[in-house]
Amino acid sequence: MSATVAAMHGVTKRYSDVTALDDVTFALQENRIHGLLGRNGAGKTTAMQILTAQNVATSGAAEIFGERPYENARVLARTCFIRESLKYPDDYKARHVLTAASHVYPHWDRAFADRLVEEFALPVDRACKKLSRGQHSVVGVIIGLASRAPLTFFDEPYLGLDAVARQMFYDHLLADFAENPRTVVLSTHLIDEVSDLIEHVVLIDKGRVLIDEEAEALRGRAITVTGPVESVERFARGHVELHREQLGGFLRVTLSGVQPASAEPNLQFEPVSLQQLVVRTTQQNSGARLEKEVLS
Amino acid sequence: MTAATVHPDPDTAFSSTDRVLAAARLSTVALRSRLGGAWVILTAIFVVHQAIWWVIRANVGAEETGYTGALASFYFIVASTSLAVMTQVMPFALSLGITRRHFYIGTSLLVAAETLFSAVVLTLLLQIERWTGGWGLGVQFFEMGFMGQPNLFLQVLAYWVPLMTISFLFLAIGAVFRRWGQTGVWAVCIGLLVVVAAIVMYLTWQNAWLSFGRFFVETPTILLLAGYPLILAALSVAGGYLVLRRAQP
């Protein structure tokens, strides 16, 4: 049984010439890790900005903790939004930024923050403007984790971080999440890396929600079928096709909502990773190669 | 899925005072480099200023008390740190879930407190200047010819109000930048220019320059320094808030 912490109801956001969000509706459940996925410019950041009241919707309504967020200190006080593009004040050292954040959050864990500083080897006495891209990201990661905000958004928090540092972030997020459950929204391109982490997926493309489902359900959602063209064509008929590649007499298609058929000896079935599913679904949406109806 | 919605935890008492305080503390963490920076620059200006006067005195000999408006630069140096708070700290504050309102109140209170501190220090320095007969050179740096007030309380006010007013004005300009970017700041500058030009034209047209000048001579300096500027300060705070309320970082 879970309860809604944040929701968008038919939110549309229009800038003068772009529609960043187009009638977006989704809900985020309490104490879960959500993956907000999509390409660059899909509208992910805009969605998070509207939920944290940094931006306002053109129409529709956003709510967090059951209330409108805009200038609503009571609910905003329970949020933390780590943006990839966030600049810290020029003359602040990293430790100034962390101290400032510690004053804002009642549940700030100083010891945890110190440990993270040490593990990520963050030079806390260096001015923020002199931090490398990765160190800049580390500052955000530490704030996002140590703040223990009941609703925490990470918008591509890993820029400039190497694979080891990213894994450290995922490990800490998961470990701390287990001890201090809260609602986390992770917006990322590195879907393979986080696919074990996220429990719910919201995929946005061109301002529209393509997927809003449990990660578990999605893992078995699609399969690739490989085999002789004719057999594959016969098997694929009537199913939603997300992708197709042909090499000589062999065909490989990605199908949605299909169970492998054991009676087909010519065909090879493989599960599709979350990343593949997201990529194919997005491509299908862009190309509109097939029928409009995506993933029923 | 259920229709249940999580509401703010009633147990965690929420206090606006805490939020305003937290907002102000976002800017106090690096207080030493910010406020200290302004005072270091002022010290440098003072040293150069006195060195030049020392040369003048050495060349020309002692004449009547000398003064310049060099101290005025301090007002704008302090105010520019307010501008930086608005342009740089505000987006950070919003990321941490602080509202625009709380940020603006916290920052304004901080600016008021900081400028009061500076005013007290300036008042002390003015006393030293008087005791030492203008730093032994007959030179007024902190008095600037007209700053002197009959008592210490009015003296602090005479330094504080203009310092605070200019800082509030810069905060408001920072708010304009946060809302409309550089274009907005240019528009405000052009707007102010038009207003000043209109006043100049009006005074010229009405042949009112004499009474305009007389107003400044006849009005007690404490009213000019600590009275009328309060109107501008109030307008800046109110206007800045209205602008920032809809700003998106």
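Use the structure listed above.
Please read these numbers as outputs of a predicted model, since none were measured by experiment.

Q: Please clarify how empty space enclosed by the protein should be interpreted in this entry.
A: The gaps left among the atoms become clear once a water-sized probe is rolled over them. Residue and element names in this part refer to chain A. This structure, assessed with the given rule, holds four cavities of 30 Å³ or more. Forming the walls of the largest cavity are I82, R83, E84, L86, Y88, R133, H136, S137, G140, E156 and P157. Only β5 (79-83) and α5 (133-146) provide two or more residues apiece to the lining of the largest cavity. Sort the elements by how many residues they give to the lining of the largest cavity and α5 lands first, with four residues.

Q: Got a minute to help me understand the layout of surface pockets in this structure?
A: All names here are of chain B. Considering only enclosed or pocket space, the second largest pocket measures out at about 540 Å³ in volume. Taken together, 19 residues make up the lining of the second largest pocket; nearest its centre are P162, I166, L224, L225 and P229. At the level of elements, α3 (72-95), α6 (152-205), α7 (209-218), α8 (221-226) and α9 (229-244) are the ones that each hand at least two residues to the lining of the second largest pocket. Looking at the lining of the second largest pocket element by element, the count peaks at five residues for α6. Considered class by class, the residues forming the lining of the second largest pocket number 17 nonpolar, two polar and no charged.

Q: Sorry, what's going on with the pairing of strand β8 (residues 200-205) of chain A here?
A: Two faces, one strand: in a regular strand the side chains alternate between the faces of the sheet. All names here are of chain A. With respect to burial, β8 is a largely interior element, six of its six residues being buried. Side-chain alternation along β8 places H200, V202 and I204 on one buried face and V201, L203 and D205 on a second face that is also buried. Strand direction decides the pairing type here: strand β3 (residues 33-37) and β8, joined by four bridges, are parallel. Residue H34 lies in a different strand from β8, and its bridge partner there is H200. Pairing analysis gives six bridges linking β8 to strand β9 (residues 208-214), with the strands arranged antiparallel. By the bridge assignment, I204 is partnered in β9 with V209. Between the antiparallel neighbours β8 and β9 lie two residues, among them K206 with a positive phi of about 50 degrees.

Parameters at a glance
Residues numbered from 1 in each chain as written. Chains lettered and ligands numbered in written order. Predicted model: local features only at pLDDT ≥ 70, side-chain atom pairs only at ≥ 80, totals over all residues. Heavy atoms only, no water. 1 Å grid on protein atoms, 1.4 Å probe; cavity = no way out; pocket = protein on both sides within 12 Å on 5 of 7 lines; lining within 4 Å. Points joined across faces, edges and corners; volume = space filled by probe spheres on them. Helix = DSSP H or I, 4+ residues; strand = E, 2+ residues; numbered from the N terminus. Nonpolar A, V, L, I, M, F, W, Y, C, P; charged D, E, K, R; others polar. Buried < 20%, exposed > 50% of the residue type's maximum accessible area, 1.4 Å probe, protein only. Pairing = 2+ DSSP bridges.

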